[in-house]
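Overview (structure and organization)
Residue-level listing of the chains:
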Amino acid sequence: MTNKRSKLQEDTRFRVLRLLDDNPEMSQREMAKAVGVSVGAMHYVLNALIEKGLVKLGNFTAAEDKRRYAYKLTLQGIAEKAAMTRRFLLRKIEEHEALKAEIDSLTAELPEAQLPQSSDGLKSE
């Protein structure tokens, strides 16, 4: 259970780092919506990333509202994002392979006539 929770937390941090790399001016509310977490959870994630030295906080000078902040990745944050990208990709490849094996196993159990059609109208191979 804890392992699954830590993977979900790392996925959330990874997605936030990716968002901030492309959009440092995003508000916490916008980030929360994009990642699929509450604004409170996003606040917690951002504070943790700042505390770890992965993100630094600065004023967003182009904003009319001078209370807006820009969240910029530090050099350490860029390096951690690269490491997280590798771990995320490896985990998703493993999940894909496990899912493909399960699909192949289920497909072998069904007679050809009962195989579901894929979204493009062709039978799965």
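Our subject in this report is the structure included herewith. (Residues numbered from 1 in each chain as written. Predicted model: local features only at pLDDT ≥ 70, side-chain atom pairs only at ≥ 80, totals over all residues. Heavy atoms only, no water.)

Once that is clear, we can look at the side chain of Arg 91. When you line up the elements, Arg 91 lands in helix α4 (residues 75–109). Classification of Arg 91 by relative accessible area gives buried; the value is 12%. In this structure, Arg 91 is in contact with Lys 7, Glu 10 and Asp 11, ignoring residues within four places of it in sequence. (Helix = DSSP H or I, 4+ residues; strand = E, 2+ residues; numbered from the N terminus. Buried < 20%, exposed > 50% of the residue type's maximum accessible area, 1.4 Å probe, protein only. Contact = heavy atoms within 4.5 Å.)

Between helix α2 (residues 28–35) and helix α3 (residues 39–51), the shortest axis-to-axis distance is 9 Å and the interhelical angle comes to 105°. Looking at the two axes, α2 sits roughly perpendicular to α3. Where α2 approaches α3, its residues Gln 28, Arg 29, Met 31, Ala 32 and Val 35 are matched on the opposing element by Val 39, Met 42, His 43 and Leu 46. Along the lines of polarity and charge, the residues of the contact of α2 with α3 split into 6 nonpolar, 2 polar and 1 charged. (Axes fitted to C-alpha atoms, helices over the stretch in contact; angles between N-to-C directions. Parallel < 35°, antiparallel > 145°, perpendicular 65-115°, else oblique. Nonpolar A, V, L, I, M, F, W, Y, C, P; charged D, E, K, R; others polar.)

Of all hydrophobic cores here, the largest spans 19 residues; its most connected members are Val 16, Leu 20, Met 31, Met 42, Leu 46, Leu 49 and Val 55. Mapped by element, the contributors of at least two residues to this core are α1 (2–22), α2, α3, β2 (69–73) and α4. Apart from the residues lying within four places of it in its own chain, the contact partners of Val 55 are Leu 17, Leu 20, Leu 49, Ile 50, Tyr 71, Lys 72, Leu 73 and Thr 74. (Core = buried A, V, L, I, M, F, W, Y, C linked by side-chain atoms within 4.5 Å.)

Its volume calculated, the largest pocket comes out at about 170 Å³. The wall of the largest pocket is formed by Gln 9, Thr 12, Arg 13, Val 37, Ala 41, Tyr 44, Val 45 and Ala 48. Elements with a minimum of two residues in the lining of the largest pocket: α1 and α3. Broken down by element, the lining of the largest pocket gets its largest block of residues, 4 residues, from α3. (1 Å grid on protein atoms, 1.4 Å probe; cavity = no way out; pocket = protein on both sides within 12 Å on 5 of 7 lines; lining within 4 Å. Points joined across faces, edges and corners; volume = space filled by probe spheres on them.)

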